[in-house]
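Residue-level listing of the chains:
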Amino acid sequence: MLKVENISFSYTKTPVLKAISFEAKEGENLAIIGESGSGKSTLLNLLYGEFDVNEGSIFWKDTEILGPKYNLVVGYEFMKYVSQEFNLMPFITVAENIGKHLSNFFPEEKKARTAELLEVVELTEFANVKVKTLSGGQKQRVALARALAKEPEIILLDEPFSHIDNFQKQSLRRSVFKYLKNKNITCIVATHDREDVLGFADCMIVLNNNSIAVNDHPEVLYQNPKTPLIASFFGEFNVIKNKIIYAHQVKLTEKSNLKATVIQSYFKGHYFLIEANLEAEKVFFQHHSILEKNQTIYLKITA
Ligand code: ADP
Ligand code: MG
């Protein structure tokens, strides 16, 4: 398993990560979330051995992951990293990029493996297209497939679906995460997108102020978000009487001590998000229909 013990790191004088410790078991999907600049990519780079930690240690099973100071060639056979830049070879085809590190001694197997991976990332019909002509999202999928080609024991994914459009995102996520689970590949995914986490991650780490704010199962964090930062990851929320209340937990009622005035209704598909004023504080809640502007309403909080 992956064991990160008390690591700290800084590019300059100001620390980016302080005293980070966590573990990930074999086959586990661990999400690292945090705002832009919170250190997600830095952490993945450290896990990969791209930089030297200032303090602490990182182990995959019995192997210590060492930075460039102690390890001439960055990277290990058992670990693959799909960074935010894809580092593909632009002048060769999608299939050639994916098969780049597969042995030519077994051409049939190489062909079959490449075909399997093209299917996982939903790029079969692009097999013979040169990478330079692809869109950002398509390139991201090639990078994913290439990282999976030699079946790593652990894969590090940095915002793996960020360039992929909404039409394809959902099905691609399911395909990739299902593949990783089936092959029992440990997956560390850095993201700020809840859709990359919910339904997939076994555990979720929230980075804030250079350290780990929480590390728990997504369900546990969702049910009891300790801070607005955590709640904001899961959806629209309010702080009412010092308690974090999701928008869907606030409902219209006949009469209550929560008297509010409607400001605006936003169409959200199967519901409207209503913005209202509650004693000079903004409140957001879900309702099945539009509410008239300036209308006086009463709200209740459901568990
Ligand atoms: P995230 O991936 O969560 O957006 P990063 O790990 O990229 O965050 O960045 C964390 C912090 O480190 C930011 O303040 C960023 O400006 C800084 N940083 C990132 N890369 C470098 C670098 N190569 N040199 C100096 N500072 C950097
Ligand atoms: Mg990043």
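Rules of the game
Residues numbered from 1 in each chain as written. Chains lettered and ligands numbered in written order. Predicted model: local features only at pLDDT ≥ 70, side-chain atom pairs only at ≥ 80, totals over all residues. Heavy atoms only, no water. Helix = DSSP H or I, 4+ residues; strand = E, 2+ residues; numbered from the N terminus. Buried < 20%, exposed > 50% of the residue type's maximum accessible area, 1.4 Å probe, protein only. Expected span 1.5 Å × (residues − 1). Bend = angle between axes of the 7 residues up to and from the residue. Contact = heavy atoms within 4.5 Å. Salt bridge = Lys/Arg side-chain N within 4 Å of Asp/Glu carboxyl O. Near = heavy atom within 4 Å. Polar contact = N/O pair within 3.5 Å; in protein donor to acceptor, adjacent residues only side chain to side chain. Areas by Shrake-Rupley, 256 points an atom, 1.4 Å probe, with all protein chains shown as cover. Nonpolar A, V, L, I, M, F, W, Y, C, P; charged D, E, K, R; others polar.

For K61, which is not a glycine, the phi torsion comes out positive at approximately 50 degrees. Along the polypeptide, K61 turns up in the loop between strand 4 (55–60) and strand 5 (63–64). Residue classification places K61 among the partly exposed residues on the basis of a relative accessible area of 37%. At E122, a residue that is not glycine, the phi angle is positive and equals roughly 55 degrees.

A few words on helix 5 (residues 166–182). If you check helix 5, its first and last C-alpha atoms are 25 Å apart, about what 17 residues at 1.5 Å a residue would give, namely 24 Å. A maximum bend of about 25 degrees is found in helix 5 at L172. Among all positions of helix 5, only K169, L172, R173, S175, V176, F177, Y179 and L180 are buried. Where helix 5 is buried, its residues touch strand 3 (29–33), helix 3 (107–120), helix 4 (136–148), strand 7 (154–158) and strand 8 (186–191). Where helix 5 ends, the next residue or the one after it, N184, has phi of about 55 degrees, a positive value.

Once that is clear, we can look at the pattern of salt bridges. Under the defined criterion, the tally for this structure stands at 12 salt bridges. A salt bridge links K183 to E151; its shortest N-O distance comes to 3.2 Å. Of the two residues, K183 sits in the loop between helix 5 and strand 8 while E151 sits in the loop between helix 4 and strand 7, which places them 32 residues apart along the sequence. Note on K183: relative accessible area 32%, which makes it partly exposed. Classification of E151 as partly exposed rests on a relative accessible area of 38%.

Turning to the site of ligand 1, a few remarks are in order. Taken together, the neighbourhood of ligand 1 is formed by Y11, V16, E35, S36, G37, S38, G39, K40, S41 and T42. For ligand 1, a nitrogen atom lies 3.4 Å from a polar atom in the side chain of Y11. Residue S38 places a main-chain N or O atom 3.3 Å away from an oxygen atom belonging to ligand 1. Relative to its unbound accessible area of 560 Å², ligand 1 is 54% covered by the protein chains. Looking at the shell around ligand 1 residue by residue, the class counts come to two nonpolar, six polar and two charged.

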